[in-house]
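Single-letter residue listing:
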Amino acid sequence: MKTAIVTGATSGIGRAAAIALGEAGWSVAVSGRDQSRGREVVESLEGEGCFFAADLDKPGAPDQLVDRCMEHWGRLDLLVNNAGIYSRGAVADISGDDYDRIMDVNLRAAVLLAGAAVRAMRSGGGGVIINVSSEAGIVAVPRQVVYNVSKAGLIMLTKSITVDHAKDRIRAVTVCPGTTRTPLVEEAIAGAPDPAEHERVLASSRPANRLGRPEEIASAIVYAASDEASFLSGTEIVVDGGYTAA
Ligand code: NAP
């Protein structure tokens, strides 16, 4: 049995990744804060699954999540660091509280989860850590500086895990989605002064001229986790409809 933890699996990209991993034969620990959406995802899984509630900006939550998986299955083969929150603002608009709120979930929790996962994976002979960054980790998307910084940090987390832990048979891969139709993006569109125009601008800013679908990001995650990707480590898979190519 190969076991995975997917954080932020109660919604959007994480939900699609959990379901696709289940179809690919993984046993999946679905994690998030919302119990009822978490249980719905577990019921949609093809293989074995469970829901572990975790509020990742609470002290100790990353270690507890990995411990629960080890207690439940006795091994951990894959961590998908996907949980994330979005914020707007150029650097002159950012308070210390804004910074902490975003970085605690998007980067601090991911680093601490990766550490706990490495300790667990070493005892099982290796594993894979996938960090879900963004096109905004590669190029600076205007007026969302803390989000951009958090996503750039995940790219370096992947590289650092690779150089430190290839010897432990642990691979790390970053998946960088472009703008994808999920509740996170639907909320941003709905909150814009002119939602239809905002959606048109988001779509037309990339050569594909449309938003991504969660399943298209999930496919990259399943590939990066698979044995077919056994020489893939320390780098990014960019799934952005060409945004960063333009
Ligand atoms: P989403 O639909 O808003 O889902 C976010 C997930 O993160 C939810 O499952 C949520 O769990 C979880 N989460 C948020 N805060 C948490 C916390 N404090 N503790 C634990 N879990 C928490 O977002 P999405 O669009 O699928 O995004 C998923 C990832 O992809 C994020 O890292 C995002 O930055 C990245 N991304 C998204 C896009 C895009 O266009 N959608 C583009 C590039 C990158 P609960 O709801 O249960 O609290």
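Here the structure is shown first, and the text comes after it.
Residues numbered from 1 in each chain as written. Predicted model: local features only at pLDDT ≥ 70, side-chain atom pairs only at ≥ 80, totals over all residues. Heavy atoms only, no water.

J.: Can you walk me through a negative patch on the surface in this structure?
T.: A cluster of acidic residues, Asp93, Asp97, Asp98 and Asp100, forms a negative patch on the protein surface. Given a relative accessible area of 63%, aspartate 97 falls into the exposed group. (Patch = residues over 30% accessible without salt bridge, like charges linked within 9 Å, V, L, I, M, F, W, Y side chains within 5 Å. Areas by Shrake-Rupley, 256 points an atom, 1.4 Å probe, with all protein chains shown as cover. Salt bridge = Lys/Arg side-chain N within 4 Å of Asp/Glu carboxyl O. Lys, Arg positive; Asp, Glu negative; His and termini not counted. Charge placed at Lys NZ, Arg CZ, Asp CG, Glu CD. Buried < 20%, exposed > 50% of the residue type's maximum accessible area, 1.4 Å probe, protein only.)

J.: What's the story with the site of the ligand in this structure? I'm lost.
T.: Around the ligand sit 32 residues, and of these Thr10, Ser11, Arg33, Tyr147 and Thr182 come closest. Leucine 56 has a polar backbone atom sitting 2.8 Å from a nitrogen atom of the ligand. Sorting the residues of the shell around the ligand by element identifies helix 1 (12-23), helix 5 (145-165) and helix 6 (183-190) as the ones contributing at least two each. Class assignment for the residues of the shell around the ligand results in 13 nonpolar, 13 polar and six charged. (Near = heavy atom within 4 Å. Polar contact = N/O pair within 3.5 Å; in protein donor to acceptor, adjacent residues only side chain to side chain. Helix = DSSP H or I, 4+ residues; strand = E, 2+ residues; numbered from the N terminus. Nonpolar A, V, L, I, M, F, W, Y, C, P; charged D, E, K, R; others polar.)

J.: Before we go on, may I ask you to explain the layout of surface pockets in this structure?
T.: Over the atoms rolls a probe the size of a water molecule, and its path tells where empty space is left. Computed from the structure, the second largest pocket encloses a volume of approximately 270 Å³. Along the wall of the second largest pocket there are 14 residues; nearest its centre are Gly126, Gly127, Val128, Arg169 and Asp227. In terms of residue class, the lining of the second largest pocket is made up of three nonpolar, five polar and six charged. (1 Å grid on protein atoms, 1.4 Å probe; cavity = no way out; pocket = protein on both sides within 12 Å on 5 of 7 lines; lining within 4 Å. Points joined across faces, edges and corners; volume = space filled by probe spheres on them.)

J.: Can you help me understand the sheet that holds strand 6 (residues 170-177) in this one?
T.: Working definition: the strands of a sheet are paired by backbone hydrogen bonds and lie parallel or antiparallel to each other. Taken together, seven strands build an open sheet; the order of strands is 3-2-1-4-5-6-7 and the sheet is parallel. Where the open sheet ends on each side, the last strands, each with one partner, are strand 3 (49-53) and strand 7 (235-239). When the angles between neighbouring strand axes are averaged without regard to direction, this sheet yields 20°. Where strand 1 (residues 3-6) meets strand 2 (residues 27-32), four bridges bridge the pair, whose relative direction is parallel. Note on strand 2: the bridge partner recorded for alanine 4 is valine 28. Each of strand 1, strand 2, strand 4 (78-81) and strand 6 is contacted by helix 1, which is oriented at about 165° to strand 2, the strand it contacts most. This element, helix 8 (residues 214-225), spans strand 4, strand 5 (127-132), strand 6 and strand 7 of the sheet and lies at about 165° to strand 6. (Pairing = 2+ DSSP bridges. Axes fitted to C-alpha atoms, helices over the stretch in contact; angles between N-to-C directions. Contact = heavy atoms within 4.5 Å.)

J.: When you look at empty space enclosed by the protein in this model, what are you seeing that I'm missing?
T.: Counting across every chain of the model gives one cavity of 30 Å³ or more. Considering only enclosed or pocket space, the largest cavity measures out at about 50 Å³ in volume. In this structure, the largest cavity is lined by Thr7, Leu56, Asn81, Asn82, Ala83, Val105, Asn106, Ala109, Ala110, Leu113, Val132 and Leu154. If one sorts the elements of the lining of the largest cavity by residue count, helix 4 (residues 96-124) sits on top with five residues.

J.: I'm lost on the pairing of strand 6 in this one. Help?
T.: For a regular strand, the rule is simple: side chains alternate between the two faces of the sheet. Judged by how many residues are buried, strand 6 sits mostly within the fold: eight of eight residues are covered. The side-chain alternation of strand 6 yields two buried faces, one formed by Ile170, Ala172, Thr174 and Cys176 and the other by Arg171, Val173, Val175 and Pro177. Alignment of strand 5 against strand 6, held across six bridges, turns out to be parallel. Counterpart to isoleucine 130 in the pairing with strand 6 is valine 173. Taken together, strand 5, helix 5 and strand 6 constitute a β-α-β crossover, and its handedness is right-handed. Sheet topology places strand 6 next to strand 7; five bridges connect them, and they run parallel. Counterpart to cysteine 176 in the pairing with strand 7 is valine 238. (Right-handed = clockwise from strand over helix to strand, strands pointing away.)

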